[in-house]
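The residues making up each chain are set out below.
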Amino acid sequence: MFLWGTATASYQIEGAVTEDGRGPSVWDTFSRTPGRVRDGHTGDVACDHYHRYSEDVALMAGLGVNAYRFSIAWPRVMPTGAGPVNQAGLDFYDRLVDALCERGIAPVPTLFHWDLPQALEDEGGWLSRDTSRRFADYAAVVAERLADRVRMWITLNEPFVHMVEGYGLGIHAPGRALMFDALPVAHHQILGHGLATQALRAAGAEQVLITNNCTPVWPASDSPEDLAAAETYDILHNRLFNDPVLTGAYPDLSAFGAEIPVKSGDLETIAQPLDGLGINYYNPTRIGGPGGDGLPFRFEEISGVPTTAFGWPVVPDGLRELLDSLKARYGDALPPVYITENGCSYDGLDDQERIAYLDGHIRAMRQADVDLRGYFVWSLLDNFEWAEGYHQRFGLVHVDFETQRRTPKASYHWLRKFLEAQSTDT
Ligand code: FCB
């Protein structure tokens, strides 16, 4: 059955950050640091989903989705990242999973969507190899509780974005600006993915995926400099995480001048067979090069296409191009693909632009020659959009952050009708 779903992430919607024994995460620390998040917004309350999850599950049932991708907050389950398990935190996900199953919606949890327990960051976070092992321990604890009802698991969300924005540029938590010295974060995350995949399977998980953010890379021109820069950026954004996971080897990383701390056996662990690859797609990236600031590439504007409220270019065919390029690159090593995030930021309840965006991307993905098994809209609800706080609204459902009132937008009603038509087609 093709999965049609919506996606969210714990820190972006749950709120209740000190409730029932949850420990602090790097995002609590970061968002409370003045100047880090626009207008000082935090996820303290967010969409109050921790208390309102039944209403949110009812909204999904009304929409007619058959799957829901959410993330589990590691600091709810293990407040210090290791050691004692907080049963009350696990109870929340237990209730959520039951509520979803009652409505016939498949729960698809992601184990790490960027809210690392602060106690682990204090010991080096993903710069430390220990975090990979801790991640697997945490995965085992969650699977032991939920694997009787959860069939499909996602280990990590967008390790690329987490490495670059969190450890390379410092614009996301934990706010470290190490540039290419952040590369060990790539290795420790995907090593954690491999170890967690083993732990999940040992606890009875049937299907395991990783979710990578990918982008078609467009050279700014045919000049040798631009072509070389585009290839370098493609390695960093698309291949650094997909190659080792799917083929057991890193691409040539010499352009970045930093070492990956690979130990013997790591690549075998990282390249566990997977049941699917999760792809998050938002837009293509246009690259010229080299950059003036010592970078081997520079970002160029994509002009002549509509942009979202976030300023992101809208290129639906980029999704087809991306999927076809994955097939061309990995061939039989490409497992079934799930679009685990796709969506856009626009204001207003009559969001015709979002309808056009979703319609265009769904049509484009269907033209790709890959084994496509699912599509999840980012996002169910307007939510805490990281460094942008509550300023970017990605929801099919509008949230009034003063009253927590939820109001389905035009796109919600459009998707409901679209999904109704799918179920009568099959
Ligand atoms: C992705 C993130 C998700 C959300 C969207 C807009 O990179 O995975 O949490 O912020 O972008």
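- Looking up the protein chain in an unreviewed UniProt entry gives the name Beta-glucosidase, with the organism given as Microbispora bryophytorum subsp. camponoti.
- In UniProt, the protein chain has this text filed under Catalytic activity (unreviewed entry): "Hydrolysis of terminal, non-reducing beta-D-glucosyl residues with release of beta-D-glucose."

1. Some thoughts on helix H7 (residues 130-146)
Structural remark: α-helix, 3.6 residues per turn; residues separated by three or four positions point the same way.
Move 1: Given a rise of 1.5 Å per residue, 17 residues ought to cover 24 Å, and the 25 Å separating the end C-alpha atoms of H7 matches this to within 8%.
Move 2: Within H7 the residues assigned to the buried category are Thr131, Ser132, Phe135, Ala136, Tyr138, Ala139, Val141, Val142, Ala143 and Leu146.

2. A word on the packing of helix H12 (residues 317-330) against helix H13 (residues 352-367)
Move 1: Two numbers describe how H12 lies on H13: the axes approach to 7 Å, and their chain directions differ by 25°. The orientation of H12 relative to H13 falls into the category roughly parallel. As for how H12 packs across H13, the hand of that crossing is right-handed. Packed against H12, whose contacting residues are Asp317, Leu319, Arg320 and Leu323, the element H13 presents His361, Ala364, Met365 and Gln367 at the interface.
Move 2: Class assignment for the residues of the contact of H12 with H13 results in four nonpolar, two polar and two charged.

3. Thoughts on helix H10 (residues 224-247)
Move 1: The terminal C-alpha atoms of H10, which comprises 24 residues, lie only 28 Å apart, well short of the 34 Å expected from a rise of 1.5 Å per residue.
Move 2: Its axis deflected by about 60° at Arg239, H10 carries its strongest bend there.
Move 3: Among the 24 residues of H10, 17 are classified as buried, and the element is accordingly described as predominantly covered.
Move 4: At the exit of H10 stands Gly248, carrying a positive phi of roughly 75°.

4. Here we look at the site of the ligand
Move 1: Within the structure, the ligand sits among Gln12, His113, Trp114, Asn157, Glu158, Tyr282, Glu341, Trp378, Glu385, Trp386 and Phe394.
Move 2: Measuring from an oxygen atom of the ligand, one finds a side-chain N or O atom of Trp386 at 2.9 Å.
Move 3: A total of 300 Å² of accessible area belongs to the ligand in isolation, and the protein chains cover 96% of it.
Move 4: Of the residues assigned to the shell around the ligand, the class counts are five nonpolar, three polar and three charged.

Cut-offs used in this document
Residues numbered from 1 in each chain as written. Predicted model: local features only at pLDDT ≥ 70, side-chain atom pairs only at ≥ 80, totals over all residues. Heavy atoms only, no water. UniProt positions renumbered as here; feature names shortened; annotations may be inferred. Helix = DSSP H or I, 4+ residues; strand = E, 2+ residues; numbered from the N terminus. Expected span 1.5 Å × (residues − 1). Buried < 20%, exposed > 50% of the residue type's maximum accessible area, 1.4 Å probe, protein only. Axes fitted to C-alpha atoms, helices over the stretch in contact; angles between N-to-C directions. Parallel < 35°, antiparallel > 145°, perpendicular 65-115°, else oblique. Left-handed = near helix turned anticlockwise from the far one by under 90°. Contact = heavy atoms within 4.5 Å. Nonpolar A, V, L, I, M, F, W, Y, C, P; charged D, E, K, R; others polar. Bend = angle between axes of the 7 residues up to and from the residue. Near = heavy atom within 4 Å. Polar contact = N/O pair within 3.5 Å; in protein donor to acceptor, adjacent residues only side chain to side chain. Areas by Shrake-Rupley, 256 points an atom, 1.4 Å probe, with all protein chains shown as cover.

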